[in-house]
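# Analysis of the macromolecular model
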Amino acid sequence: MTAVTRQEVLGLYRKIFRLARNWQSASGQREETTQEREYIRREAKALFRKNKNVTDPKSIKQCIEECEARIEIGLHYNNPYPRPIHLPPMGLAHKQGRMLRHQEKLRKISKPIYLKSHDEVS
């Protein structure tokens, strides 16, 4: 990892923890705010630890882009949790009496493109 890339990664890490420290939930409730702050910290630690041994420049760039996208989307929607996209109606229907393989398939493909690491960590 080059010195510039290392500084960029460390800067993102600091930015996330500053964001977590100042985070306010959309509802404004103290309990929700505390839970969301803890989620941001826990998710950041887990993902940075998981990727600490990545050495391929393309993979590092992809991880940095994912991090920046998650920060921007979280700030924009005031929601730190990943958002499923392109999920058609009934995509979140509960299984009632029979296996709904089609809904399971829809849930799997509805994972946001920017989010490569969520399933492996959470």
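The rules behind each value
- Residues numbered from 1 in each chain as written.
- Predicted model: local features only at pLDDT ≥ 70, side-chain atom pairs only at ≥ 80, totals over all residues.
- Heavy atoms only, no water.
- Helix = DSSP H or I, 4+ residues; strand = E, 2+ residues; numbered from the N terminus.
- Buried < 20%, exposed > 50% of the residue type's maximum accessible area, 1.4 Å probe, protein only.
- Contact = heavy atoms within 4.5 Å.
- Areas by Shrake-Rupley, 256 points an atom, 1.4 Å probe, with all protein chains shown as cover.
- Axes fitted to C-alpha atoms, helices over the stretch in contact; angles between N-to-C directions.
- Parallel < 35°, antiparallel > 145°, perpendicular 65-115°, else oblique.
- Left-handed = near helix turned anticlockwise from the far one by under 90°.
- Core = buried A, V, L, I, M, F, W, Y, C linked by side-chain atoms within 4.5 Å.
- Disulfide = S-S within 2.5 Å.
- Salt bridge = Lys/Arg side-chain N within 4 Å of Asp/Glu carboxyl O.
- Expected span 1.5 Å × (residues − 1).
- Arc of directions from axis to C-beta.

This brings us to the overall build of the protein. Across its full length, the protein carries five helices and zero strands. Moving toward the C terminus, one meets the helices and strands of the protein in the order α-α-α-α-α. By the burial criterion, 25% of the 122 residues in the protein qualify as buried. Sequence-distant contacts, at least 24 apart, represent 69% of the contacts inside the protein between residues at least 6 apart. Surface exposure of the protein reaches about 9100 Å², of which carbon and sulfur atoms provide 54%.

Packing of helix H1 (residues 3–22) against helix H2 (residues 30–50) leaves a shortest axis separation of 8 Å and a crossing angle of 165°. Taken together, the axes of H1 and H2 are roughly antiparallel relative to one another. Crossing hand, H1 versus H2: left-handed. Between H1 and H2, the residues in contact are Val9, Leu12, Tyr13, Ile16, Phe17, Ala20, Arg21 and Asn22 and Arg37, Ile40, Arg41, Ala44, Lys45 and Phe48, respectively.

Val9, Leu12, Ile16, Ala20, Trp23, Ile40, Ala44, Ile60, Ile64, Cys67 and Ile71 together form the largest nonpolar core, which totals eleven residues. Of all the secondary-structure elements, those providing two or more residues to this core are H1, H2 and helix H3 (57–77). Beyond its immediate chain neighbours, meaning those up to four positions away, Trp23 contacts Thr33, Glu36, Arg37, Ile40, Gly74, Leu75, Asn78, Asn79 and Pro80.

A covalent bond bridging the sulfur atoms of two cysteines is what the word disulfide describes. Applying the stated criterion across every chain yields a total of zero disulfides. Cysteine Cys63 shares no disulfide, and the gap to the nearest cysteine sulfur, in Cys67, comes to 9.1 Å. Cys67 gets classed as buried once you look at its relative accessible area, which sits at 12%.

Going through the model one piece at a time under the given rule, you end up with three salt bridges. Here Glu38 makes a salt bridge to Arg41, at a shortest N to O gap of 3.5 Å. Residue Glu38 and its partner Arg41 are located together in helix H2, separated by three residues, close to a single helical turn. On the basis of relative accessible area, Glu38 is assigned to the partly exposed category, the value being 36%.

This part is about H2. Its 21 residues place the ends of H2 30 Å apart at the C-alpha level, agreeing with the 30 Å of an ideal helix rising 1.5 Å per residue. Within H2, the full set of buried residues consists of Thr33, Glu36, Tyr39, Ile40, Glu43, Ala44 and Leu47. In an axial view of H2, the angular spread of the buried residues amounts to 120°, which keeps them on one side of the axis. Exposed residues pointing more than 90 degrees away from the buried face of H2 are listed as Arg30, Glu31, Gln35 and Arg49.

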